[in-house]
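Chain by chain, the residues:
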Amino acid sequence: MNTDRTHAVPVTVLGTGSYLPERVVTNEDVVARVPNTSAEWIESRTGILQRRYAAPDEAASDLAVHAARAALDQAGLAPDRLDFVIVSTTTGDAPIPATSSLVQRALGAHRAACFDINIACTGFVTALAVARAFVALRPETKALVIGTDVYTRFVDFQDRATSVLFGDGAGAAVVGALPGADAGAETGTERGFLDIELVGRGDAHELIAMEAGGSRRPASAETVADGGHLLRMQGRGVKDFVLDNVPGILADLLKRCGHEASDVHHFVPHQANGRLVTELAAASGLDGAHTHLPLRHSGNIGSASVPVALDEANRSGALRDGDLVLLAGFGAGMAVGAGLLRWSAPQGGIR
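Residues numbered from 1 in each chain as written. Predicted model: local features only at pLDDT ≥ 70, side-chain atom pairs only at ≥ 80, totals over all residues. Heavy atoms only, no water.

S.K.: When you look at the overall build of the chain in this model, what are you seeing that I'm missing?
M.R.: Scanning the chain from N- to C-terminus turns up 11 helices and 14 strands. For 351 residues, the compact-globule estimate of 2.2 N^0.38 gives 20 Å, and the C-alpha radius of gyration of the chain, at 19 Å, lies within 12% of that figure. The principal-axis extent of the C-alpha atoms belonging to the chain is close to 60 × 45 × 35 Å. Buried residues in the chain amount to 56% of all 351 residues. Partitioning the contacts of the chain with sequence separation of at least 6, the portion at a separation of at least 24 is 78%. Taken as a whole, the chain presents about 14100 Å² of accessible surface, with 50% of it coming from carbon and sulfur. One finds the centroid of the 30 positive side-chain charges in the chain at a distance of 1 Å from the centroid of its 40 negative side-chain charges. (Helix = DSSP H or I, 4+ residues; strand = E, 2+ residues; numbered from the N terminus. Rg over C-alpha atoms; globule rule 2.2 N^0.38 Å. Buried < 20%, exposed > 50% of the residue type's maximum accessible area, 1.4 Å probe, protein only. Contact = heavy atoms within 4.5 Å. Areas by Shrake-Rupley, 256 points an atom, 1.4 Å probe, with all protein chains shown as cover. Lys, Arg positive; Asp, Glu negative; His and termini not counted. Charge placed at Lys NZ, Arg CZ, Asp CG, Glu CD.)

This is the structure:
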């Protein structure tokens, strides 16, 4: 789906934030729980050195609130000025209510509409597309977009293909009109989001799944016993899907925006696996871009991967005003989301 970049109002990221739980879990720690593996094997196959696990009393909404507060603080925006709270998660606090409702209450964003998006690791980019559309329709709109996941509660530690990858975390972005840019002003046409591309491939949905707990297989003693509530992933199939599909989607997006891969300054992808991301960057012609890989210390954190990587790049000073930034989410569904933006340094002071 082409989300159409003919918006009169330039829409951008006004602030970013992220949160990783305190508990650090090294490869050596994982090896103690996962059979037939080693710390060296994990690092060589995934690029991951450590990841963070949520505390027993932390759920997806708790992580999200930490990240949200950091993003709001950087944007200089009070919570009660938010019009939307959009949360991407597949590991929400509970099936009902929406995790976004819990985040709204905790933040005090009393006037905001809130809803969740469940497209796993593509969800944050999808949520950005939705937020961008809302702002384009009503330029004074301010939207808080969050990716948060606690996958470590749903991995099978007998399965080294998945259990060595995942960590917990949350990332957030405040989305709004580009400060100081009048609708249609020439100065605003090349700032903020240039375009966002969303693609769904339901024919490959079996590659990543958590089979039980829904209306087809409601929770029961049987579903718990047979591991139906644990995350299952076909590693080889996922890799083939990503390398066969994502480079072309990124190329189409860039072409539509009048750019080539060599123009991109920063590549901010889903932190699926270090080796896979490196291969993806090469296959997409992004060798000259700075590929941001916080997964070395965060692991794969699902919906939070892209916003955490974006926040770390932002706060480190790596993103300079005017840089071309390419975001890419891909995962369960299967789904792909890609966004291209001309970075505008957060200015704060929005009240």
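S.K.: Even after reading the chapter, I still don't get the packing of helix H3 (residues 60-75) against helix H4 (residues 99-107), so can you show me in this structure?
M.R.: Geometrically, a packed helix pair is captured by the angle between its two axes and the distance between the axes. At a closest axis distance of 9 Å, the pairing of H3 and H4 adopts a crossing angle of 50°. Considering their axes alone, H3 and H4 lie oblique with respect to each other. For the crossing formed where H3 meets H4, the hand is right-handed. Together, Ala 60, Ser 61, Ala 64, Val 65, Ala 68, Arg 69 and Leu 72 of H3 and Thr 99, Leu 102, Val 103, Ala 106 and Leu 107 of H4 make up the contact between the two elements. In terms of residue class, the contact of H3 with H4 is made up of 9 nonpolar, 2 polar and 1 charged. (Axes fitted to C-alpha atoms, helices over the stretch in contact; angles between N-to-C directions. Parallel < 35°, antiparallel > 145°, perpendicular 65-115°, else oblique. Left-handed = near helix turned anticlockwise from the far one by under 90°. Nonpolar A, V, L, I, M, F, W, Y, C, P; charged D, E, K, R; others polar.)

S.K.: Help me understand helix H8 (residues 235-256) in this model?
M.R.: Owing to its 3.6 residues per turn, the α-helix brings residues three or four apart onto one side. With 22 residues, H8 should cover 32 Å at 1.5 Å per step; its first-to-last C-alpha distance of 31 Å lies within 8% of that length. Where H8 bends most, at Asn 245, the angle is about 30°, and the proline Pro 247 comes one to four residues later. Phi turns positive one or two residues past the end of H8, at Gly 258, with a value near 80°. (Expected span 1.5 Å × (residues − 1). Bend = angle between axes of the 7 residues up to and from the residue.)

S.K.: For this particular structure, what's the right way to read the packing of H8 against helix H9 (residues 274-283)?
M.R.: Taken N-terminus to C-terminus, the directions of H8 and H9 make an angle of 25°; their axes are 9 Å apart at the nearest point. Viewed along their axes, H8 and H9 adopt a mutual orientation that is roughly parallel. Relative to H9, the crossing made by H8 is right-handed. Counted together, Lys 239, Val 242, Leu 243, Val 246 and Pro 247 of H8 and Leu 276, Glu 279, Leu 280 and Ala 283 of H9 form the full contact between these two elements.

S.K.: Can you walk me through the environment of His 270 in this structure?
M.R.: Looking at the element boundaries, His 270 is found in the loop between strand E11 (266-269) and H9. His 270 sits 39 residues away from Ala 309 along the chain, and the two C-alpha atoms are 8.3 Å apart.

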